[in-house]
Amino acid sequence: MFDALTEKLQQTFKRMRSKGRLTEADVTEALREVRLALLEADVNFKVVKSFLDRVQERAVGQDILESLTPDQGVIRIVRDELITLMGTTQERVRMASNPPTVIYLVGLQGAGKTTAAAKLARMLRHQGRQPLLVAADIYRPAAIDQLKVLGERIQVPVVTEENKTPVELADLGLKASRRMAKDVVIVDTAGRLHVDDDLMSELEAMNRAVPAHEMLLVVDAMTGQDAVRVASAFKDRLPLTGVVMTKLDGDARGGAALSIRQVTELPIKLIGSGEKLEDLEPFTPDRMATRILGMGDIRSLK
């Protein structure tokens with residue numbers, strides 16, 4: 001996903017390294033190129049501005065330009081600010097102190113909620129949890145069938161029942177988890193092709209009946225800035241606790257991943273990087289920053 005952005009940033013830093021000693025004008029020119037690269041990557045323009053303001057302030061201060069390796073100092077600052085942009089710490093899915101933990105997956109139709117639900121159940125099961133899936137998307141029968149098939153593949157039970165409302169299904173899932181001694185209830189909710197009042201009202205009613213410990217918004221990274229707008233709209237109505245970003249293996253430009261935390265203040269908790277059920281992992285800001293800068297998947301830059 002970040003290949004184009006990584007290539008442009010590497011070209012910029014290569015030109016900067018070739019200069020040896022840097023002047024403030026050199027830094028300004030390099031950051032102008034970084035700005036264009038980020039905008040081309042579909043990063044929110046307000047996020048780009050605040051990001052570069054922080055980099056500029058740090059890069060021309062702290063004796064960076066007077067050091068023997070000013071280029072490395074600037075690159076380190078860019079990396080640090082990218083981490084800040086995406087969240088300074090890794091935020092995992094929280095488990096309730098008094099099980100079962102109730103997790104809602106919400107979002108628009110087509111974002112990948114059903115597959116994400118199964119991936120999350122598989123991941124938690126491998127961590128020693130006992131998850132249960134609830135098929136509460138009654139408007140798309142294929143979603144129920146899909147979740148049943150996926151649940152069978154990962155050996156996780158799926159609760160659903162005909163002629164039940166989503167609110168009733170959430171309650172049914174909670175009661176089933178207690179009966180079956182399951183400690184996590186993952187509810188796959190319905191989506192729409194757009195954000196509408198009916199969708200939000202239904203989700204609000206579900207959360208009133210069966211309050212969520214985690215309400216995770218599933219967004220498609222391929223939709224770019226639309227993903228950020230969707231996140232803002234959902235956050236206005238629902239007590240969201242984090243984001244699951246799907247399709248990071250696609251050829252989108254990456255702007256959603258770099259914008260969503262700053263715009264919505266919601267942490268990205270999980271990322272989907274493929275179609276396989278094992279292709280879900282916790283989001284780690286420092287690892288993502290090093291990947292974007294073309295440093296490989298390293299843990300730190302000294």
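Keep in mind that what you see is a predicted model, and the values were worked out from it rather than measured.

Thresholds, definitions, all that
Residues numbered from 1 in each chain as written. Predicted model: local features only at pLDDT ≥ 70, side-chain atom pairs only at ≥ 80, totals over all residues. Heavy atoms only, no water. Helix = DSSP H or I, 4+ residues; strand = E, 2+ residues; numbered from the N terminus. Rg over C-alpha atoms; globule rule 2.2 N^0.38 Å. Buried < 20%, exposed > 50% of the residue type's maximum accessible area, 1.4 Å probe, protein only. Contact = heavy atoms within 4.5 Å. Areas by Shrake-Rupley, 256 points an atom, 1.4 Å probe, with all protein chains shown as cover. Core = buried A, V, L, I, M, F, W, Y, C linked by side-chain atoms within 4.5 Å. Expected span 1.5 Å × (residues − 1). Arc of directions from axis to C-beta. Polar contact = N/O pair within 3.5 Å; in protein donor to acceptor, adjacent residues only side chain to side chain. Phe/Tyr/Trp six-rings, centres within 6.5 Å; stacked < 30°, edge-to-face > 60°. Lys NZ or Arg CZ within 6 Å of the ring centre and 35° of its normal. Pairing = 2+ DSSP bridges. Axes fitted to C-alpha atoms, helices over the stretch in contact; angles between N-to-C directions.

Go over the overall build of the protein, please, and point to the residues and values.
For the protein, the helix and strand inventory stands at 11 helices and 8 strands. The globule rule puts the C-alpha radius of gyration for 302 residues at 19 Å, and the 21 Å found for the protein is close to it. In terms of its C-alpha atoms, the protein occupies a principal-axis envelope of roughly 70 × 40 × 30 Å. The 302 residues of the protein split such that 52% are buried. If you take every contact in the protein between residues at least 6 apart in sequence, the share linking residues at least 24 apart comes to 77%. Entry remark: accessible area of the protein is about 14100 Å², with carbon and sulfur atoms responsible for 47%.

An account of the nonpolar core is requested, with residue identities and associated values reported.
Nonpolar side chains in soluble globular proteins tend to end up buried together. Among the nonpolar cores identified, the biggest contains 75 residues, and Phe-234, Met-245 and Leu-258 are the most heavily contacted of them. Ranked by the residues each element gives to this core, the list is headed by helix α4 (residues 70–86), at 8 residues. Once residues lying within four places of it in the same chain are set aside, the contact partners of Met-245 are Val-219, Ala-221, Ala-256, Ala-257, Ile-260, Ile-268, Leu-270, Ile-271 and Gly-272. Counting 26 residues, the second-largest nonpolar core is a separate cluster that includes Leu-147, Ile-154, Val-244 and Leu-277.

Now, about unusual backbone geometry: what can you tell me, with residues and values included?
In this structure, the amide linkage connecting Pro-99 to the following residue, Pro-100, adopts the cis form with an omega of 5°. Mapping Pro-100 onto the fold places it in the loop between α4 and β1 (101–106). Notably, Asp-42 is not glycine yet its phi reads approximately 70°, a positive angle. Here Asp-42 lies in the loop between α2 (24–40) and α3 (45–59). With a relative accessible area of 19%, Asp-42 lands in the buried category.

Please give an account of α3 that cites residues and values.
Given a rise of 1.5 Å per residue, 15 residues ought to cover 21 Å, and the 21 Å separating the end C-alpha atoms of α3 matches this to within 8%. Listed as buried for α3 are Val-47, Val-48, Phe-51, Leu-52, Val-55 and Ala-59. Down the axis, α3 shows its buried residues gathered within 120° of arc, on one side only. Relative to its buried face, α3 has exposed residues pointing more than 90 degrees away, namely Lys-46, Lys-49 and Glu-57. Looking at the buried side of α3, the elements it contacts are α2, α4 and α10 (255–264). Between a side-chain oxygen at the N-terminus of α3 and the backbone nitrogen of Lys-46 the separation is 2.9 Å; the capping residue is Asn-44.

I'd like a description of the packing of aromatic side chains, backed by residues and values.
To describe a pair of aromatic rings, one takes the distance between the centres and the angle between the planes. Counted under the stated rule, the structure contains 0 aromatic pairs. Note that Arg-192 overlies the ring of Tyr-139, its terminal NZ or CZ placed 5.0 Å from the centroid.

Describe the sheet that holds strand β6 (residues 242–246), with residues and values.
With mixed pairing, the 8 strands of this open sheet are ordered in space as β3-β2-β4-β1-β5-β6-β7-β8. A strand with exactly one partner marks an edge of an open sheet, and here the two such strands are β3 (158–159) and β8 (280–282). Here 3 bridges tie β6 to strand β7 (residues 268–272), and the two strands are oriented parallel to one another. The residue bridging Met-245 from the neighbouring strand is Ile-271, located in β7. Sheet strands in contact with helix α5 (residues 113–126) are β1, β2 (131–135), β4 (184–188), β5 (214–220), β7 and β8, and its direction is about 170° off that of β4. Sheet strands touched by helix α6 (residues 141–154): β2, β3 and β4. Its angle to β2, the strand with the most contacts, is close to 165°.

Please provide a residue-by-residue account of the pairing of β4, values included.
Within β4, 5 of the 5 residues are buried, leaving the element largely enclosed by the surrounding structure. Side chains of β4 alternate between two faces, with Val-184, Ile-186 and Asp-188 and Val-185 and Val-187 buried alike. Both β1 and β4 contribute to a ladder of 5 bridges, which runs parallel. Across the sheet, Val-102 pairs through a bridge with Val-185, a residue of β4. In this structure, β2 lies alongside β4, joined through 5 bridges in parallel fashion. Residue pairing in the sheet places Val-134 in a bridge with Val-187 of β4.

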